[in-house]
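Coordinates in review
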Amino acid sequence: MKKIRVIARGSRFNSITNKKYTDAELMCVNLYFEDIINVANEYNKNDIIFKYEEQYPL
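Computed from a predicted structure; not experimentally measured. (Residues numbered from 1 in each chain as written. Predicted model: local features only at pLDDT ≥ 70, side-chain atom pairs only at ≥ 80, totals over all residues. Heavy atoms only, no water.)

1. Topic: the side chain of N14
Test applied: A run of DSSP states H or I qualifies as a helix once it reaches four residues; a run of E qualifies as a strand once it reaches two. Both are numbered from the N-terminal end. Summary of the burial criterion: residues with accessible area below 20% of their type's maximum are buried, those above 50% are exposed, and those between are partly exposed, where the area comes from a 1.4 Å probe applied to protein chains only. Whether two residues touch is decided by their heavy atoms; if any such pair falls within 4.5 Å, the residues are in contact.
In this structure, N14 sits in strand β2 (residues 13-14). On the basis of relative accessibility, which here comes to 17%, the residue N14 falls in the buried class. Leaving out residues up to four positions away in the same chain, N14 has contacts with K19 and Y21.

Quick look at the structure:
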């Protein structure tokens, strides 16, 4: 078994500075997600993505 970290960030730009928001700023507006999961040694990355898409639809 392996542990992997899943991180999802929204892509937002600060209109004043014309730079991407930091992780801390994204956390404030709920556009940052982080999770650690256990997977088998041979795992399919797409299955993990589909699992999270089902749990957190847009």
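From this point, the discussion proceeds with the structure in view.
2. Notes on the packing of aromatic side chains
What counts, and what does not: Only rings of Phe, Tyr and Trp enter the pairing, Trp through its six-membered ring, and a pair is recorded when the two centres are within 6.5 Å. The plane angle decides the type: under 30 degrees is stacked, over 60 is edge-to-face, the rest tilted.
Under the counting rule described, the total for this entry stands at 3 aromatic pairs. Both rings, one in F33 and one in Y56, keep their centres 5.2 Å apart while their planes meet at 55°; by these two values the pair is tilted. Taken as a pair, F33 in strand β4 (residues 32-39) and Y56 in the segment after α2 (45-55) lie far apart in primary sequence, 23 residues in all. Take F33: its relative accessible area is 25%, and that puts it in the partly exposed class. Where Y52 meets Y56, the ring centres are 6.4 Å apart and the plane angle is 10°; that geometry is what we call stacked. Look at Y52 and you get buried, because its relative accessible area is 9%. These aromatic residues form a ring-pair network of at least three members: F33, Y52 and Y56.

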